[in-house]
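# Residue-level structure breakdown
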Amino acid sequence: MRLDIISIFPEYFAPLDVSLIGKARRTGLLDVRVHDLRSWTHDRHRTVDDTPYGGGPGMVMKPEPWGEALDEIAPAGDAVPRLVVPTPSGRPFTQAMAAELAAEDWLLFACGRYEGIDSRVVAEAATRMPVSEVSLGDFVLAGGEVAVLVMTEAIGRLIPGVLGNAESVADDSFAPGAMESLLEGPVFTKPPVWRERAVPEILLSGNHGAIARWRRDEALRRTAAHRPELLGRLDPERLDKHDRKV
Ligand code: SAM
């Protein structure tokens, strides 16, 4: 998968050299290209912002550098990327969206700063490439860079070959299938007793059916405790008799 990222702070993306994503880049599973938006400015101060029409505080990112950047990185042709624009006014980023984006061949992320990017940039880009405006949650960051790091990690780990054990994705919180709309329950490793706290006995039993049932019960309990609104989204077809008792 190819990922292009446009930002006025290219140095923000140094973490993409480490851990899973760094390895995926080195093995060729991910081709990440980070671009400095200021390369498409033409004045001495490399200006990317201006005052907002209509007045008000803050600055808005000018459309010209963005237009030129998108033209150069994604020229008209057969292959176009999906443009992903992080913004608090976008659709919420979810595991399902991460999976949809992981199926794309090419993503182009546009990191806003200040009060955001002049709205004509997205409107114009949408005439020649698919566009997703995406929110990380109901809060406001200072810029899109952190949002893009988060999305890159969530998307990248779903690309086949990036995770050592692909099965672990299926057991994750929110994973499509049995875990959809559920939070994963508690996990344990050795030693069996630590500071007088024992691992739940069932996990040492070797009884795979009983362990799966216990894990599902714990997932249901934790979801009820931390995110009760998710329970209403569970597919009734997927609930068994035992689920209803929990
Ligand atoms: N004035 C904007 C608003 O109220 O919607 C907020 C702009 S914010 C200070 C600057 C940039 O940070 C945005 O253009 C976007 O790229 C990023 N950003 C802030 N919060 C975000 C969120 N919750 N999800 C995704 N991106 C966010």
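Residues numbered from 1 in each chain as written. Predicted model: local features only at pLDDT ≥ 70, side-chain atom pairs only at ≥ 80, totals over all residues.

### Focus: helix 7 (residues 208–226)
Over its 19 residues, helix 7 runs 27 Å from end to end, which matches the ideal 27 Å to within 8%, given 1.5 Å per residue. Along helix 7, the residues that are buried comprise Ala219, Leu220 and Thr223. One side of helix 7 carries all its buried residues, which in axial view fall inside an arc of 95 degrees. In this structure, helix 7 carries Ala210, Ala225 and His226 as exposed residues pointing more than 90 degrees from its buried face. Of the surrounding elements, those touching the buried residues of helix 7 are helix 8 (228–231) and helix 9 (241–245). (Helix = DSSP H or I, 4+ residues; strand = E, 2+ residues; numbered from the N terminus. Expected span 1.5 Å × (residues − 1). Buried ≥ 20, exposed ≤ 12 C-beta atoms within 10 Å, placed from the backbone. Arc of directions from axis to C-beta. Contact = placed C-beta atoms within 7 Å.)

### Things to note about the packing of helix 1 (residues 19–26) against helix 5 (residues 144–156)
The contact between helix 1 and helix 5 brings their axes to 10 Å, and the two run at 65 degrees. Relative to helix 5, the element helix 1 is oriented roughly perpendicular. The hand of the helix 1/helix 5 crossing is left-handed. For the pair formed by helix 1 and helix 5, the contact residues are Leu20, Ile21 and Ala24 on the first element and Thr152, Glu153 and Gly156 on the second. Along the lines of polarity and charge, the residues of the contact of helix 1 with helix 5 split into three nonpolar, two polar and one charged. (Axes fitted to C-alpha atoms, helices over the stretch in contact; angles between N-to-C directions. Parallel < 35°, antiparallel > 145°, perpendicular 65-115°, else oblique. Left-handed = near helix turned anticlockwise from the far one by under 90°. Nonpolar A, V, L, I, M, F, W, Y, C, P; charged D, E, K, R; others polar.)

### Describing the site of the ligand
Surrounding the ligand, one finds 19 residues, the nearest of these being Pro86, Gly112, Gly116, Leu141 and Gly144. Top element by residues in the shell around the ligand is strand 5 (residues 82–92). It accounts for four residues. Of the residues in the shell around the ligand, the class split is nine nonpolar, eight polar and two charged. (Near = placed C-beta within 6 Å.)

### Describing the nonpolar core
Considering soluble globular proteins, one finds that nonpolar side chains tend to be buried as a cluster. Formed by 38 residues in total, the largest nonpolar core has its most connected members in Ile5, Ile6, Trp66, Leu83, Val84, Phe109 and Ala110. When near neighbours in sequence (up to four residues on either side) are disregarded, phenylalanine 109 contacts Ile5, Ile6, Val84 and Val148. (Core = buried A, V, L, I, M, F, W, Y, C linked by C-beta atoms within 7 Å.)

### Examining the domain arrangement of the protein chain
Segmentation of the protein chain into domains returns domain 1 (2–156) and domain 2 (171–245). Measuring from the centre of the C-alpha atoms in domain 1 to the corresponding centre in domain 2 gives 36 Å. (Domains from an automatic or database assignment.)

### What to know about the sheet that holds strand 5
On the basis of which strands lie adjacent, the open sheet formed by five strands has the order 2-1-6-5-7 and parallel pairing. The open sheet has two free edges, formed respectively by strand 2 (31–36) and strand 7 (131–135), since each of these has just one partner strand. When the angles between neighbouring strand axes are averaged without regard to direction, this sheet yields 30 degrees. Summarising the sheet, strand 5 and strand 6 (residues 106–110) pair through three bridges and their orientation is parallel. Note that in strand 6 the partner of leucine 83 across the bridge is leucine 108. (Pairing = 2+ DSSP bridges.)

### Concerning the pairing of strand 6
Counted residue by residue, strand 6 has four buried out of five residues, so it is predominantly covered. Relative to strand 6, strand 1 (residues 2–7) runs parallel, the two sharing five bridges. When the sheet's bridge partners are listed, leucine 3 is paired in strand 6 with leucine 107.

### Quick word on the pairing of strand 2
On a regular strand, each side chain points to the face opposite its neighbour's, so the side chains alternate between the two faces of the sheet. As judged from the six bridges shared by strand 1 and strand 2, these two strands associate in the parallel manner. The residue of strand 2 that forms the bridge with isoleucine 6 is histidine 35. Following the backbone out of strand 1, through helix 1 and into the adjacent parallel strand 2, one traces a crossover that is right-handed. (Right-handed = clockwise from strand over helix to strand, strands pointing away.)

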